[in-house]
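# Geometric and topological summary
Spelled out, the chains give:
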Amino acid sequence: MPEWVYLCRIDEVPDGRARTIEVAGARVAVIRDGDSIVVISDLCPHAGGSLGSGWIEEGELLCPLHRWRFRLRDGRCTTVRGNDVHRYPSRVDDRAVWARV
């Protein structure tokens, strides 16, 4: 089972936005929606856009290339069925963001 790895401080991710982090051989997008943090695979399945450069609208992360939408709660693509992204277990501990990658 993957171990918890440190990603960043919560204040390094602007509210309503995401950022890309490379960790444990993977690129992940860390997304902040208020005090909630979500960690998903960074690459959009459509054209390989960096989801870490995306933004949040109505509980979904939008890819900056073609605005494909992914639900924060489960990584499901709401633009084209079957193009979901992996959502990693994550937690915030003492203002630090951790994920099982």
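Reading the values: the criteria
Residues numbered from 1 in each chain as written. Predicted model: local features only at pLDDT ≥ 70, side-chain atom pairs only at ≥ 80, totals over all residues. Heavy atoms only, no water. Salt bridge = Lys/Arg side-chain N within 4 Å of Asp/Glu carboxyl O. Buried < 20%, exposed > 50% of the residue type's maximum accessible area, 1.4 Å probe, protein only. Helix = DSSP H or I, 4+ residues; strand = E, 2+ residues; numbered from the N terminus. Contact = heavy atoms within 4.5 Å. Pairing = 2+ DSSP bridges. Axes fitted to C-alpha atoms, helices over the stretch in contact; angles between N-to-C directions.

On to the pattern of salt bridges. Inspection of the entire model under this criterion finds seven salt bridges. Where Arg9 meets Asp11, a salt bridge forms, and the shortest distance between an N and an O atom there is 3.1 Å. According to the relative accessible area criterion, Arg9 is partly exposed, its value standing at 42%. With relative accessibility at 53%, the residue Asp11 sits in the exposed group. Among the charged side chains, a network of salt bridges with common partners joins Arg9, Asp11, Glu12 and Arg19.

This part covers the environment of Gly75. Mapping Gly75 onto the fold places it in the loop between β7 (69–71) and β8 (87–88). Judged by relative accessible area, which is 1%, Gly75 ranks as buried. Counting along the chain gives 18 residues from Gly75 to Glu57, while the straight-line C-alpha distance between them is 14 Å. With sequence-adjacent residues up to four places away left out, Gly75 is seen in contact with Phe70, Asp84, Val85 and Arg87.

Once that is clear, we can look at the sheet that holds β7. The three strands lie next to each other as β5-β6-β7, forming an open sheet whose pairing is antiparallel. The open sheet has two free edges, formed respectively by β5 (55–57) and β7, since each of these has just one partner strand. Each strand of the sheet is rotated relative to its neighbour by a mean of 35°, with strand direction disregarded. Summarising the sheet, β5 and strand β6 (residues 60–62) pair through three bridges and their orientation is antiparallel. Among the inter-strand pairings, Trp55 is bridged to a residue of β6, identified as Leu62.

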